[in-house]
Structure formats: C-alpha cells, structure tokens
Amino acid sequence: MSGKILPFVIVTVMLCFWLRSKRLAKRAERLAAEIGADLLPPERQNTDRAYPDPEAEAVLAALSQGDWQPAAQALTATGTDWERRSYLVGVIARRAADDDTWLRAWQAARPDDPDAAVVHADAKVSLAWQIRGGAWAKDTSAEQFAGFHRVLKEAREDFDRATSLAHPDDPTPYVLQIPLYMGLSAPHEALHQLWAEVTARAPYHYQAHWRALQYWSAKWCGSADLARNFAAQAAATAPRGSLLTMFPLVSWYAHNDDEAPDEAYGWPEMMALTEAALADVAAARPDHPRAAEVRHLLAYCLTKQGRHEAALEQFRLVDGYVEAVPWRYYDNPAEAYCRVRDVALKGAAASRLAG
Amino acid sequence: MTASPRALRALVLLACFYLVILVVLGALVGTDVAAWIWAPPPVAIKVTLVSALLGFPVVRGVFALGASTWDEREALPVTETEQPELWGTVRSLAERSGTRPPDEILLTGEVNAAVSEDARLLGLLPGRRRLYLGVPLLSGLSEPQLHSVIAHELGHYGNADTRFSGITRRGRDCVLRTVAAFQEQERKRIGKERSRQEKANAKRRRMGKKAKGVDTGRTGLRYRLMAKPFQAYARFYLRVTSGVGRQQELAADRMAIRVAGRDATASALREIAALDAAHDFYQSRYALLGIEAGLLPPRGEVFGGLRHLLADPRCRSTLAELRGELPAEEESPYDSHPPVAERVRLIEAQPDDGRGTGPQRPALALLRDAERVLMQLEDVLLTPEALAMERAEWPELAHRAMHARATAAAGSLRTALAAAGIAAGSASGALAALLDSADAGRLWLVAGHLPKSSEAAQATGRAAREFLRPALEAGTYGLAELALVERAGAYWELSWSEQVRLRLPGTAYTGDTQEAPEVEEALTAAVRAATADTPDTTPLRTLLAH
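Residues numbered from 1 in each chain as written. Chains lettered and ligands numbered in written order. Predicted model: local features only at pLDDT ≥ 70, side-chain atom pairs only at ≥ 80, totals over all residues.

So, about the overall build of chain B. Within chain B, the regular secondary structure consists of 21 helices and eight strands. Every one of the 546 residues in chain B was classed for burial, and the buried ones make up 36%. (Helix = DSSP H or I, 4+ residues; strand = E, 2+ residues; numbered from the N terminus. Buried ≥ 20, exposed ≤ 12 C-beta atoms within 10 Å, placed from the backbone.)

This is the structure we're talking about:
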C-alpha cells in the first residue's frame, strides 16, 4: 500500500515547491518592475556621455552652427580645474576630428590661442584613431596603419606647439599626448619622461592615469604585470576622492574579464578593491567629471559580486547616460547596460522578498 | 685523414634518422593491422585514416630525398677553349691547394662562389666537380682576392670535404624537408581552427559582445606531437653537422691564406660583404629601374652595369665604410657558416705573410671577351619575358622609366578629374584644372573620385580626406613632373652617385660636390601646400611658370 502512496506524495510535494517558486518569481518580477519603474529602457539611454553635461551640449550645439566662441569661453572658464579642462578639450576635439572648419576660423581669429592649439592637436589624435579603427592589429589594413602613423606624427608637432603656448602649470597638453606614445609605440623611457611632466603639474589626474594605464597594458606597450603595478601604485598613493583607487579594478577588467569566471569578482581581493573604490567615489567632489564613469564600472563589478542592492544604488546615480566602460566595449552599449542593470534589479527584488 | 670519422658520424646520424622514421611508420602500420584484426570495421577504418594522415608527411619528407636542387639552378658553363686564363688560374690554384681541379666552371649572377660534387654511393666515391663563380665577384674583386675566394672553395676539396659533405648535406635536406612537411600540415589545421573561431566570434558579435582575439594554441596539437621526435632529432642533427660545416669553413680559410695570402683573404671577405649590398642596390635601383616600363639596359649591362656603380667615387666611399664595419650577424646554431666577422677576425689574427694587397688588376681581366660573356649570361639567366624587352642606353632608360612611373602615378588622378567632369588633354592642362579646382574649394570633390579601399569608402569627414591624401599627393606630384617635362623640357637624369633626379634644363648635375638646385624638394613642398586643408596653389604655379 505504502509503496503506491510514496511516489504520489513525492510528486505532490514537488508540485507544491514548484508552484511556490513560480509564485515567488512572479512576485519578484512585479517587485522589480515596481522598484525599477524610474529606470530607463535601452532606447532612452544616451550613448554619447557618461553623465548629463549641459555645458558640453551647449558648446557642441554652437559648434554645429560653426560658432566656436562658446567652446573658447567654456575652456577659459575651466581655469585650473585640470580634470574638467582635459575632459572638455576631448569633447571639443572629437568634434573637430570630423570637421574642423570652425577650428580653422578660431585659429585664424586668434593665431596663438593655447586652447585652440591643444584642441587642434588632440583632434589629430582622434582623427588618427578614426583612420585606424578599433580592430585588432591583424584586421587593420596597411593603408589604415600608414594613415594612423602619419597623422600621429603630425599630432606630435601640433602638441609641441600646444605645450609651448600653454600655461606652464597646465598639464592638459601632456596628458593628451599619452595616446601618441601609445600609438607610436614609444619606448618606456620616453613615457616616463612625459609622465614626469604630467605628475609635476597634476599628480592625481584621473584621465592621465587612465591613459597611462592603457599604455602600460598588454594590448599596447606594456604587460599585465606592468599595468597591475602601475594601477596598484596609483591607488596606494592617491588621496581619497581622487578616484585613483578605481584603476586596479580597471586593469583587472581589461586583462581578465573575457577569460575569468564570474565568481572571480567575488574573490576577497576583488571585494577589497571594490570597497576601496566605493569609499573613494563617496569622498569625491560631486562634480568630478569622472565620477560617473567610476560608478558605471562599480555597478558592473557589484552586480557580478551578487551585491545587487549596492549595484542598484550606483545604477540609479548614472541611469540615462551609458558612454562608459564596460558598456562602450559592446556593439550596443545601451542594451548591454540594461541587461546587467536588470540582473541587479531582479536580484535586489528577490532578496527583498526573501529578507 | 680527419674527414673519415666525420663522414662516419654523418653516416651514422643519417642512418639513425631513417631508423626513427622506420620505427614510427612501423608503429602506425602495426596499429592499423591490430585494429583490423581486433576492432570492429568502423573503428578500424578510422584508425587507418588517422594513421595515413599522420604517416603521409613522414613518407613525403623521406621520398623527396635525393635530387639536390643545387645543380638545377641556372648558370653559364665556360669551357677551357673559351676562357683559357680563367681555367689556367683555377688549375694552378688547384695545384697549389693539392687537389684535383673542377670538371666544370659555371658563371652565375650572384655575389657568391661555391663548389659542388656529384658524389656517388652516399658521398663515399668522388664524382663530377663544379665550380660556380658569381660574375659580380669578378666585377668587384681584385685578382688576388678572387684567388683567395677560389682557393677557399678548393680548400673544401682539399680535405675531402665535398665528398663527405654530400652525406651531411643530403641528410640535412632530408631532415629539414620532413620537418617542413609536418609544419605545413600543422599550418593547414591551424587555418581551419582559425576560421572556426572566427565564425564563433561572428556569433559572439551578434550576441552583442565584442569579439575575442583568435587563439589557435591548441590546434594542430596532434601534428605537433607527431613532429616532436623528428624535430628533436632535427635539432640534434643540425647542431652536430653544423659544427662539421664550421670546421670545414675555417679549414678552407686556412687554405686560402696559404695560397693567396692573409691580406687578400681578409680583404676579400670584407669586400664580398660590401659587394653584396652594392649588388642589391644596383639590381633594384639601376638594372631593374625600367622593368615596369618594359625596358632593360643594353645587352651585357644587366649584370655588367655594376662596374659603373663600383667606379663611382661616392659609391666607393660608401663601400669603404661597409668594408670597415662587418655586419653583426645573429649566430644560429644551425648555420653551417661561422659569422663573417668571426672569420675575418681569425684571419687577421694570423701573422703577416708580407704579401699585402698592393694595387692589382680587377678580376674581370681574367675573362676573355668579357662583354660577350656578360651577354651570354643574360641569355641564360633572364626569363624569356625579360629577354624580349626593349633595350635602352642608360640615360634614355632612366628618363623613360621615370616618365612611365610618373604617368602611372598621375593616372588615377587624371581619371578622377575626368569623372569630376573636368576634361583635360595634356598633363599641364590637367594640373592647371586641378589647381583651379583647389582654389575654388573643390579639391576634395575631385579627390573623392580617386579609387578607395573599403575602409576609405566608409570613412567620413576629415578621416575620409586623410585616406585619400597619399593618393592625391602622389597623383599631383606625378602630374606636376609630367607638366614640367611638357612645358619646361625637364628630364630625369641618371647618376651613379645618387638616385635618378628630375632636372630642369641648364641645372644639370655636374658631378662635383656642389649640389645642383633641387627641383624635387621644391616640388614636394609645393604639392603639399596645394593639397593642404587650406590649399595654397601659388608655389606650384610659380614652379610651373619656370
């Protein structure tokens, strides 16, 4: 008798569990939709910026009309905010890499303007990379490499001019030269010299470290070890709020993310690095131009670590603007961003229900 | 007779190689037989296929053995009746080296001299001896230096080297060929794996994530494993036999010193290193200058023209520098030759024999009727297509060759002008039309009709211009050259001291140290200005109004 009942009991119990888990999942989904109601869908994510920047938008809008005055004013207004200055030069120079008619007008009106000179030089770097394209070396044609190197060499002369015109305390033309050293495979000794010029003027410059880390990475002129050491040293010596504690994570992501299992993000040293970066970004000045980028990568790491609530907190702070690592490495950054964000969202909802 | 143990060693080593092959093939066949006896037929078929696949490169490597490629190369044989002085010299050198003279002397077009012997019975019995002499050596060496080179080659005969090196060389060929056959299979495998991974990457890309790099590290593993014993053996074999080869070279150097003197031997080695560079330079810059235009220098000059270059004072001073600094070759454990620098050092460390290197006749004087020999050499060495080409005297050759290059360089820009609706007949007309377009701000509209690669076609804005800029500059430069020829009577002038240059009438290069005014530098700058983002056509218009 009991031999016939037992399978029946087992099936019934399993059915109950299954129904319960389905109901829980449905509730979690409802809850996720509720707490994520204010988050934007992929098509409403801005893929040009990492955070809203009305000043940059206004400058670019004027440039589209051929009016360079607002760009000149915005650069003058940055004063000695070197982080903002190099960021804004980059934004303006990228536009000049497409069409430089307004830049030529600017230079004609103010021949020795240091701002126009540094934009001119940095635009050449952007232009060189446009010619090269983002593919691996083996998929890049000889014509692309020839153009890349030719324009980078021109940029070297333009940077010489930009540094001679710049204020002696201004690190910008040195910071923006780092990709040149990367693209032309300059020897390590040369980069050390340039780096001394940068750090003498701005010892904890975020973008400078970002670019130098690229130079030291295995993909360009260094190795995984050199990149890791560089990042670790930057993180160890930087004051809180400089965001430099982010670089060990950046370096790890660049060298390992493709190969490593997801659990790797949960290793104790990775957790420690993430904690340090969280504390750093919390201490940073609110208008730090790179804080949003840091939050994007932190949100990714936290999601991978299963710390969904903490991840969601970062996602909320940057939602709507996704031009940042890691998303920019995907063909469709907005979708990649939303996919990971939804993982965090569902995870957070599930743990709230369970808790 | 020190060669016998060496020969014996080479023989034993070669035998061992065959043994390794036999063992491997035996194991493969044994597996097949076992599979057919004990395994079900599908398994047996698979085992047979795999073993056939593995055994194929082994068999191919082994059976390609034998025919040495050495004797198949083209060379001009010269008989004793044609060249009594050369033969007499070689005979007397052979006598002084204590060895039998060669049976044949053949002239080649390389900066090299060599001996070979069709040794029989794996190199144990003597055979027909051949001496190969590169004509550039005759052009560039003095008579005593040539003696030293020939004595060196005969030195290989002297200690029975050529006879026994037959074994060594044949063994080397065989081993290398087998290893190469394996590597080819492995490459094919890796190619397949690469395309598989690239497909996976394409899929990855469709899923949204950017592609990974392609890694083929684990593919071709089977072949690499199979090749392992052969490669290990090959390394061992090459290392051992290269030691033999090095000893042979040094012994031959000692023979050359005895016969031709220390200084002639050392200076010949230095001279050959410099001559090698000069010959490459001559071939690419002079002999083959007109090849695209279907032009060759006059008969006999294709190999003989090197003399003019060697006689030029500026070239001589460059060569003197080259002689001074011998190239620091990277030493490979498989190379059968010690580095030249090392050989020269050893030779120059010998005591002075007082024979020195006084002023001597050039070695070409040994050739009777050298002009005719140089012509015959062309008949043997040039391809039928090259032989059918038109011949032109050097000055005419230079002008016509460069004119053809300029025409070719300007070709696509002229097509682009036509496509932009700007028709022009002459080069100067086309250039004037181009400059007018530049002044009117339409330069890049014209340039947009230049041929584009797929990357260039996708580019927009400044990047699109940068893709086109090299072609635009080259085309404009070509047009400007042609216009100068048309309008100002400019011409290209050949010089043995420097590259072919465009000259305006009345500014010819006079050959002294005073530099003639350079048209080309001015032209380059003017073309750059005319095609800049803010074009300035004035310099180019001024130049053309010349």
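We are not done yet, so read on.
Moving on, we come to the overall build of chain A. Helix and strand counts for chain A come out as 17 helices and zero strands. Partitioning the intrachain contacts of chain A with sequence separation of at least 6 by distance along the chain shows that 68% fall at a separation of at least 24. (Contact = placed C-beta atoms within 7 Å.)

What follows concerns the nonpolar core. In terms of nonpolar packing, the biggest core is built from 199 residues, with I92(A), V119(A), M246(A), L297(A), L298(A), L479(B) and A480(B) touching the most fellow members. With sequence-adjacent residues up to four places away left out, V119(A) is seen in contact with V89(A), I92(A), A93(A), A96(A) and L103(A). Ranked by size, the runner-up nonpolar core spans seven residues in total, among them I21(B), V58(B), Y237(B) and L238(B). (Core = buried A, V, L, I, M, F, W, Y, C linked by C-beta atoms within 7 Å.)

Right, let's talk about the interface of chain A and chain B for a bit. Facing the 22 residues of chain A at the interface are 14 residues of chain B. If you list the elements that add at least two residues to the side of chain A that touches chain B, you get α4 (82-98), α6 (114-132), α7 (142-165) and α17 (333-354) of chain A. Looking at the side of chain A that touches chain B element by element, the count peaks at four residues for α7(A). The residue inventory of the side of chain A that touches chain B, partitioned by class, reads eight nonpolar, six polar and eight charged. (Nonpolar A, V, L, I, M, F, W, Y, C, P; charged D, E, K, R; others polar.)

Residue and element names in this part refer to chain A. The terminal C-alpha atoms of helix α12 (residues 224-237), which comprises 14 residues, lie 20 Å apart, in line with the 20 Å expected from a rise of 1.5 Å per residue. Listed in full, the buried residues belonging to α12 are A227, F230, A231, A234 and A235. Burial along α12 is one-sided: seen end-on, the buried residues are contained in an arc of 125 degrees. The exposed set on the far side of α12, more than 90 degrees from its buried face, consists of D225, A236 and T237. (Expected span 1.5 Å × (residues − 1). Arc of directions from axis to C-beta.)

Strands pair in a sheet through their backbones, by hydrogen bonds, and they do so in one of two ways: parallel or antiparallel. Residue and element names in this part refer to chain B. Pairing is mixed in the open sheet, where four strands are placed in the order β1-β2-β4-β3. Only two strands of the sheet have a single partner each, and these edge strands are β1 (76-78) and β3 (113-117). Looking at each pair of strands side by side, their axes are set apart by 30 degrees on average, direction ignored. One ladder, built from five bridges, connects β3 with strand β4 (residues 129-134); its direction is antiparallel. Residue pairing across strands places S116 opposite R130, the latter belonging to β4. (Pairing = 2+ DSSP bridges. Axes fitted to C-alpha atoms, helices over the stretch in contact; angles between N-to-C directions.)

Looking now at the confidence of the model for chain B. Residue and element names in this part refer to chain B. Of the residues in chain B, 75% have a pLDDT of 70 or more, and the chain-wide mean is 80. Below a pLDDT of 50 lies the segment residues 205-217, which in the model reaches 26 contacts outside its immediate sequence neighbourhood of four places, other chains included. Across the whole predicted complex the pTM is 0.72, and at the interface the ipTM reaches 0.83. (pLDDT = per-residue confidence, 0-100.)

Residue and element names in this part refer to chain B. Considering the arrangement of structural elements, one finds R314 in helix α11 (residues 313-324). Note on R314: 14 C-beta atoms within 10 Å, which makes it partly exposed. With 76 residues separating them along the chain, R314 and L238 place their C-alpha atoms 43 Å apart.

The next point concerns the UniProt feature "transmembrane region" (unreviewed entry) in chain B. When the UniProt feature table is mapped onto this chain, "transmembrane region" (unreviewed entry) is found at residues 12-37 of chain B. Regarding residues 12-37 of chain B, the helix share stands at 100% and the strand share at 0%, and the terminal C-alpha atoms are separated by 37 Å. (UniProt positions renumbered as here; feature names shortened; annotations may be inferred.)

As a further point, take the domain arrangement of chain B. Residues and elements named next belong to chain B. The domain boundaries assigned to chain B delineate domain 1 (3-65 + 166-385) and domain 2 (393-544). Where the side of domain 1 that touches domain 2 is concerned, the elements lending two or more residues are α10 (306-311) and α11. For the side of domain 1 that touches domain 2, the per-class residue count stands at seven nonpolar, two polar and four charged. (Domains from an automatic or database assignment.)

Okay, the packing of α6(A) against α7(A) next. All names here are of chain A. Between α6 and α7, whose axes approach to 8 Å, the crossing angle comes to 165 degrees. Put simply, α6 runs roughly antiparallel to α7. Handedness of the crossing formed by α6 with α7: left-handed. Among the residues making up the contact of α6 with α7, the classes are represented as 16 nonpolar, three polar and five charged. (Parallel < 35°, antiparallel > 145°, perpendicular 65-115°, else oblique. Left-handed = near helix turned anticlockwise from the far one by under 90°.)

The next thing to look at is the packing of α12(A) against helix α13 (residues 247-256) of chain A. Residues and elements named next belong to chain A. Close contact between α12 and α13 brings their axes to 8 Å; oriented N to C, the two are set at 165 degrees. When the axis of α12 is compared with that of α13, the two are roughly antiparallel. In this structure, the crossing between α12 and α13 has a hand that is left-handed. Between α12 and α13, the residues in contact are A224, A227, R228, A231, A232, A234 and A235 and F247, P248, V250, S251 and H255, respectively. Here the contact of α12 with α13 is composed, by residue class, of nine nonpolar, two polar and one charged.

All names here are of chain B. Along β4, six of the six residues are buried, which leaves the element largely enclosed by surrounding structure. Of the two faces of β4, the one lined by R129, L131 and L133 and the one lined by R130, Y132 and G134 are each fully buried. Pairing of strand β2 (residues 104-108) with β4, which is carried by five bridges, proceeds in the parallel orientation. Looking across to β4, one finds that L106 is bridged to Y132.

Time to look at the environment of A388(B). Checked against the element boundaries, A388(B) lands in the loop between α14 (384-387) and β6 (390-391). Measuring from C-alpha to C-alpha, the distance between A388(B) and T318(B) comes to 35 Å, with 70 residues separating the pair along the chain.

What follows concerns unusual backbone geometry. Between V325(A) and P326(A) the backbone carries a cis peptide bond, its omega angle lying at 5 degrees. For P326(A), the position within the fold is in the loop between α16 (308-318) and α17. In this structure, S185(A) is a non-glycine residue whose phi angle is positive, near 50 degrees. Among the residues examined, S185(A) registers 11 C-beta atoms within 10 Å and is labelled exposed. The residue D369(B) is not glycine, and still its phi comes out positive at about 55 degrees. Within the secondary structure, D369(B) is located in the loop between α12 (340-348) and α13 (370-381). A residue is classified by how many C-beta atoms lie within 10 Å of it, and D369(B), with 11 of them, is exposed.

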